[in-house]
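Notes for the structure review
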Amino acid sequence: MESKKEMRELFCFSNYKSITKFVNNLEKFFLQKKNTYLCSSNSIDMEQIDKTYLNEIKNVDNVNVYFGKTLEELKCVISDDGFREHEIFIKFSGPRKYEITKVNLPHLPYQDEVYNSINEIIDTFRNHVINLSNYFFELEQIDQFCSIMEPLHPTYKDEYRKIALDERTWLHIEVTPDGAAKNIYLIGQSEAWNDKLQKGFLTWDHDKSIIDNIISTFDISSFSNKHHIILSEPVTTMLEKQHCAICLCEELPDNPSVPQPICQNNACGVYYHRSCLYEWLLASAGGRPPAFGVATGSCPTCCHPIACSLLEK
Ligand SMILES: [Zn+2]
Ligand SMILES: [Zn+2]
């Protein structure tokens with residue numbers, strides 16, 4: 001009974017300023033109680049929380065370490081040169097067996113391997129973060145200068161951005177690990193925007209940043225005030241989040257995509273979730289799966305011809 005109380009106090013994480021202190025106390029506790037604890041069947045002993053594991057945690061340098069839901073799960077936070085913080089989740093699955101369970105970054109190679117030590121994972125992760133420095137920089141520039149429509153809460157985990165060019169036209173762009181742009185296309189495009197984009201592809205300058213290319217491609221110096229403001233103000237103040245004219249929701253459970261201006265009739269102001277419009281067009285065509293994955297028909301709101309695939313483009 002007495003020991004149970006001590007255990008409770010031991011695991012009261014608010015008592016600790018650092019994980020090292022906790023690990024030290026844990027070790028001390030087990031040394032004192034070793035005999036008592038080995039006798040009772042449902043107790044934790046030193047074997048279960050491997051001693052090398054505790055030592056490993058204490059020896060991790062320049063990284064903040066936190067326990068997850070169990071003592072076997074760790075969250076490590078490392079800072080990079082740009083003062084950004086990156087999280088990696090590690091699971092201890094036996095002596096000298098560590099696995100990466102989650103990373104809040106894309107493109108991490110060697111994610112499915114088993115590692116000998118926490119430091120080995122941290123080193124791999126730190127190198128990965130260093131290699132992504134152009135990627136971070138480009139995303140930050142885009143987020144700073146553009147109105148991001150999707151993702152709703154952009155992070156470094158998302159390699160793409162949907163940027164509002166105006167209320168009816170978005171630009172989709174993806175950023176590669178080394179900071180180049182790829183897979184660029186328009187959503188709800190008007191011909192004028194499309195012409196600019198086609199010209200922009202021909203003159204795209206890979207020595208310049210993505211945002212500089214966007215600015216010259218879409219000729220932002222000649223933008224009317226309104227467009228300029230849209231591109232430079234935070235999206236929440238300038239562009240209201242739109243609901244989908246079919247399901248009437250803004251967000252769908254299990255689906256990160258937001259309603260988009262898919263209808264190309266400029267007089268039609270509605271937005272649709274791609275999946276909602278696709279299902280709608282499919283149902284109006286009698287449920288037959290469309291050729292090449294592109295459902296066609298007329299806009300449920302304005303009856304203008306419309307096309308939609310589940311995948312974008
Ligand atoms: Zn919808
Ligand atoms: Zn329409």
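Here the structure is a predicted model, which means the values were calculated and not measured. (Residues numbered from 1 in each chain as written. Chains lettered and ligands numbered in written order. Predicted model: local features only at pLDDT ≥ 70, side-chain atom pairs only at ≥ 80, totals over all residues.)

**Section: the pairing of strand β3 (residues 85-92)**
Consecutive residues of a regular strand have side chains that alternate between opposite faces of the sheet. Here strand β2 (residues 73-79) pairs with β3 via seven bridges, running antiparallel. Across the sheet, residue lysine 75 finds its bridge partner in β3, namely phenylalanine 89. From the end of β2 to the start of β3, which pair antiparallel, there are five residues, and phenylalanine 83 there has a positive phi angle of about 60°. Strand direction decides the pairing type here: β3 and strand β4 (residues 98-103), joined by five bridges, are antiparallel. For isoleucine 88, the partnering residue across the bridge sits in β4 and is valine 103. Taking the residues that link successive antiparallel strands as the turn, the β3-β4 hairpin has five residues, and the phi of glycine 94 there is positive, at about 140°. (Pairing = 2+ DSSP bridges. Helix = DSSP H or I, 4+ residues; strand = E, 2+ residues; numbered from the N terminus.)

**Quick look at the pairing of strand β11 (residues 305-309)**
Of the two faces of β11, the one holding Ile306 and Cys308 is buried and the one holding Pro305, Ala307 and Ser309 is not buried anywhere. Two strands pair when backbone bridges link them, and strand β10 (residues 294-298) and β11 are joined in this way by five bridges, in the antiparallel orientation. The residue bridging glycine 297 from the neighbouring strand is isoleucine 306, located in β11. Joining the antiparallel neighbours β10 and β11 is a turn of six residues, in which cysteine 303 adopts a positive phi near 70°. (Buried ≥ 20, exposed ≤ 12 C-beta atoms within 10 Å, placed from the backbone.)

**Description of helix α3 (residues 51-58)**
A turn of α-helix holds 3.6 residues, and therefore any two residues three or four places apart point the same way. For α3, every residue scored as buried is listed here: Tyr53, Glu56 and Ile57. Taken down its axis, α3 places every buried residue within 100° of arc, on the same side. Projecting away from the buried face of α3 at angles above 90 degrees are the exposed residues Lys51 and Thr52. (Arc of directions from axis to C-beta.)

**Structural notes on the nonpolar core**
The biggest cluster of nonpolar side chains holds 49 residues, and the ones touching the most others in it are Ile121, Ile163, Trp170, Ile262, Tyr272, Leu277 and Cys308. If you count residues domain by domain, this core takes at least three from each of domain 1 (142-240) and domain 2 (241-313). When near neighbours in sequence (up to four residues on either side) are disregarded, isoleucine 262 contacts Ile187, Gly188, Tyr272, Arg274, Leu277, Ile306 and Cys308. (Core = buried A, V, L, I, M, F, W, Y, C linked by C-beta atoms within 7 Å. Domains from an automatic or database assignment. Contact = placed C-beta atoms within 7 Å.)

**A word on the sheet that holds strand β6 (residues 148-150)**
With respect to topology, four strands assemble into an open sheet ordered β6-β7-β8-β9, the strand pairing being antiparallel. Bordering the open sheet on either side are β6 and β9 (181-187), each of which pairs with just one other strand. The mean inter-strand angle of the sheet, taken between neighbouring strand axes irrespective of direction, is 30°. (Axes fitted to C-alpha atoms, helices over the stretch in contact; angles between N-to-C directions.)

**Things to note about the environment of cysteine 76**
Within the secondary structure, cysteine 76 is located in strand β2. Classification of cysteine 76 by C-beta neighbours within 10 Å gives partly exposed; the count is 19. In this structure the C-alpha to C-alpha distance between cysteine 76 and phenylalanine 89, which are 13 residues apart in sequence, comes to 6.4 Å. For cysteine 76, the contacting residues outside a window of four places in its chain are Val63, Asn64, Val65, Ile88, Ile90 and Ile122.

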